[in-house]
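Read off the chains here:
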Amino acid sequence: MAPKAKGKATASQQPPLPIEDLFTNLNRHIERSEFEQAVKVADQVLSVAQNDEDAIRCKVVALIKCDSIDKALSIILSAQRQNLPFDFSYFKAYCLYRQNKLDEALESLKGLEKTSETMLLESQILFRLGKMDACVDVYQKLQKSKIDSLEINLAAGMILAGKSSQVQEMMEANRIKASSSFELAYNTACSLIERNKFTDAEQLLLTARRVGQETLMDDNLAEDDIEIELAPIAVQLAYVQQLLGRSPEAMQAYTEIINRNLADESSFAIAVNNLIALKGSKDVSDNLRKLDRLKEQDAPAFQLARGLDKLSPKQKEAIYTNRVLLLLHANKMDQARELVAALPDMFADSVLPVLLQAAVFVRENKASKAEEILSQFAEKFPDKSRVILLARAQVAAAAGHPQIAADSLSKIHDIQHMPATVATVVALKERAGDVDGASSVLDSAIKWWSNAMTEDGKLNIIMQEAASFKVRHGKEEDAAHLYEELVKSRGSIDALVGLVNTVARVDVDKAEAYEKKLKPLPGLKGIDVDSLEKTSGAKHIEGAPVVTEAHEEGKKEKPKRKRKRKPRYPKGFDPANPGPPPDPERWLPKRERSSYRPKRKDKRAAQVRGSQGAVAREKHEAGATSTSSSTSNSKSSQAATSKVAAEQSRPSSKSSRKKSRN
C-alpha cells in the first residue's frame, strides 16, 4: 500500500519570522493604511515579544483607525492594570472622547505635557462639552502652531461662545478670506446669522456651496457623497430662508433633505427639528414619527442616537424640547412625564427642563404644583430666575392667582420699575383687592424714576397713571399732589385738567384758581353761567322722547336725504316679466301645507280569515323556515336586500325632491 501524501505544514508548524521582519511588515501595512493587517502583524510581534511598547502602540492606533474604539480602550486599560512602564493617557483620552465620555477624557489629559496634539484634543473635548470660552482660549493659544484649518474650528468656537462679532476681526488679523474654503465660508455665514445679517449670510452660504462643489469634484467624489458633504450648507440655507419669512421655500428645502436622506446624521436631525418647529402643532402624529427616526433603536425610552453626539448641547436640548411639546399636544402624558424627568440630568445648566416640567403640570391642571417648582428653582438659582419668574407669573395669572403673579413680577429687579411691568403688577394687585399694595408699587416706581438719570418721559407717564389710580380709589389728596408736581415741572395741560377735577372735590376755591390757568374754549364768551345755573332747565315728560337741536348762529343743518338704490335682481331675471308668483307655502313641511293629503290605509290587510290561531301558527312556521335558510345563505341575502333597498330608495328620493319644489 502506497504511503499517504503528507499535507502542507500549518502556520503553527512554520518557524516564526524574525522580529525585525515582523516590524518591517507592520510598518509597510501602516504606510499603506492597511490597518486590519497591521493589527494581525502586531499580534504576531506580541506573541514573540510580549508587552513590547511599540507593538502595543501600533496595535492601539491601528484599532482606532479601524473604528474599533472599545478594543483599543480595553488594551490600554489592560496595560495600565499590568503597571507597564509606558503611558497611554493621550490615546485613552481620545478613546473616551470617541465614546462621548467627555469628563473622563478631560481628566485623562491632566498631567500631560501641553503639546499641540494634547491641546487640540482638549479643545475638541471642551467644544463637545459646550465650554466655549475655554475652547476658544485653547484655540487662540494654538494659533502659533500653524495647524491646518485651525481658523475653521476657531470661528465655530467663537460663534458658540457668543463672540460672533469678533470672527471678522480674527480673519482680518490672520489675513484669511471667508471664501478660501467652503467650511470657513459656512462658519462665517453662521456668524452673520447670529448678528441678524440674514441676507448677507444667504449670499455667503451660496458661495460656500459653490466652492464646496468645485473642491469636492476636484477630489473625484461621487455626486451622492458631495451632497452628503454639503448637507450642512443646505440645511443652513433653509434656516436662513425661514428667518427671512420665506416659510414655503424653507419647508420645501427641509422636506427634500429628509426625503432624499442624503445628509450626515447631524444635518438630518437639524432638518427634522426645524421642519417640526416650522409646522408647529399641525399633524402632531407625523411630527412624532419623524422624531422617532432620531432615537436610539435599542433604548426603551426616547434617546438620541449615538451618531448625534456631534450636536451641540443647545441643539440636543431643542430636539428634546420639541419632543415634549409634541407629546403634550398629543395628550401622551405618561411619555411626556417620563422624558421630562430625564432632562435635568442631561442639561443641568439649563432652565428649560424645569419649564417643561411646569408645562406638564399645567397640562394636568396642577397649576399650584407648577408654581411651587418654579418658585423653588428661582430661589435655588437666583442668577437664572428671570425667565422662571416670568413663567410663574404667567401660570399664576392664567390660574386665577393674581397676587402670586404680582409677587413674581416684583422679584425681577431689572424690570420691576419699567412702565409695562408696573402697569401689569398694579392691575394684578387691583384684581386681587390689594389697593394699598398697588399704590405702593406706583409710589416706588415714581421714586425710582425720579432718582434715575434717564429720560423723563417714563416718569411723566407713571405719575399721570398713578394720579388717575388714586382718584379712582378715593385718594384725592395724593392725586392732587401728583398733578401739582406735573403742572409745576412739566406744564402738562392734561395734568392741569386732572388737577382741577380732583381739587374740586376737596377745595373749590383752589380748583377755581387752577381753572383760570386753562385756556377758554371758543364759542363760550356770550354764555352767562350764573343765569344758566338759575334756570330750572327743560322738563322731562315721561313717555316722550327728548329731542335736542343744535343751533349754530341761526344756521340749521339740512336733513340728509336718503339715497335710493336700485334693487338688485338675480341673474337672468326680468322685472317686467316676473312670471308666476312663488308658492307662499314652499318653506313649510309637506304635512303643514294646505294641499297635503295623507295616504289611505289598506283596511283589507287587517282582515283575518280562517279559524282562530291559524295565522299565528303559519307565521311561526314561516319564521322558522326563513331562519334556517338565512344561516346557509346570509351573505347573498344581505347583498340582495341592500341592492333592492337601494333601488327602492332612489325613485322615492327623486319624487320627494320633485314634490318639494312645487
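Structure report, in brief. (Residues numbered from 1 in each chain as written. Predicted model: local features only at pLDDT ≥ 70, side-chain atom pairs only at ≥ 80, totals over all residues. Heavy atoms only, no water.)

### Some words on the packing of helix α7 (residues 116-129) against helix α8 (residues 132-142)
Packed helix pairs are specified by the crossing angle of their axes together with the interaxial distance, meaning the distance between the axes. Just so we agree on the cut-off: Here an angle of 0 to 180 degrees is reported between the N-to-C directions of two axes, which are lines fitted to C-alpha atoms, with helices fitted over the stretch in contact. Every helix listed is a DSSP run of H or I at least four residues long, and every strand listed is a run of E at least two residues long, numbered separately from the N terminus. Orientation labels follow simple angle bins: below 35 degrees gives roughly parallel, above 145 gives roughly antiparallel, 65 to 115 gives roughly perpendicular, and whatever is left gives oblique. The crossing is said to be left-handed when, going from far helix to near helix, the turn is anticlockwise and less than a right angle, and right-handed when the turn is clockwise. The contact definition used throughout considers only heavy atoms, calling two residues in contact when any of these lie within 4.5 Å. Residues are grouped as follows: Ala, Val, Leu, Ile, Met, Phe, Trp, Tyr, Cys and Pro are nonpolar; Asp, Glu, Lys and Arg are charged; every other residue, Gly included, is polar.
Their axes nearest at 8 Å, the elements α7 and α8 cross at an angle of 155 degrees. The angle between the axes of α7 and α8 places the two elements in the roughly antiparallel class. The handedness of the crossing between α7 and α8 is left-handed. In this structure, α7 uses Ser116, Met119, Leu120, Glu122, Ser123, Gln124, Leu126 and Phe127 to contact α8, whose residues at the interface are Met132, Ala134, Cys135, Val138, Tyr139, Lys141 and Leu142. Each residue belonging to the contact of α7 with α8 can be placed in one class, and the counts come to 10 nonpolar, 3 polar and 2 charged.

### Section: unusual backbone geometry
Selection criterion: Exposure classes here rest on a 1.4 Å probe applied to the protein chains alone. A residue is buried below 20% of its type maximum, exposed above 50%, and partly exposed in between.
Although it is not a glycine, Asn51 sits at a positive phi angle of roughly 60 degrees. For Asn51, the location among the structural elements is in the loop between α2 (35-48) and α3 (53-65). Overall, Asn51 belongs to the partly exposed group, its relative accessible area being 33%. Unusually for a residue other than glycine, Asn261 sits at a positive phi of about 55 degrees. Looking at where Asn261 falls in the secondary structure, it is placed in the loop between α15 (247-260) and α16 (265-279).

### Remarks on the packing of aromatic side chains
For clarity, the threshold we go by: Pairing of aromatic rings covers Phe, Tyr and Trp, the last counted by its six-membered ring, and requires centre-to-centre distances within 6.5 Å; plane angles under 30 degrees mean stacked, over 60 mean edge-to-face, and any other angle means tilted. When the NZ atom of lysine or the CZ atom of arginine is within 6 Å of a ring's centre and also within 35 degrees of its normal, the charge is said to sit over that ring.
Here the structure, examined in full by the defined rule, presents 8 aromatic pairs. Between Phe302 and Tyr320 the ring centres are 5.7 Å apart and the planes differ by 85 degrees, which places this aromatic pair in the edge-to-face class. One end of the pair, Phe302, is in the loop between α17 (284-292) and α18 (313-329); the other, Tyr320, is in helix α18, with 18 residues separating them in the sequence. A ring pair is formed by Phe377 and Phe381, whose centres lie 4.8 Å apart and whose planes are at 45 degrees; its orientation type is tilted. Three or more aromatic residues joined by ring pairs form one cluster here, namely Phe86, Phe88, Tyr90 and Phe91. The ring of Phe381 has Lys384 sitting right over it, with the charged end atom 5.3 Å from the ring centre.

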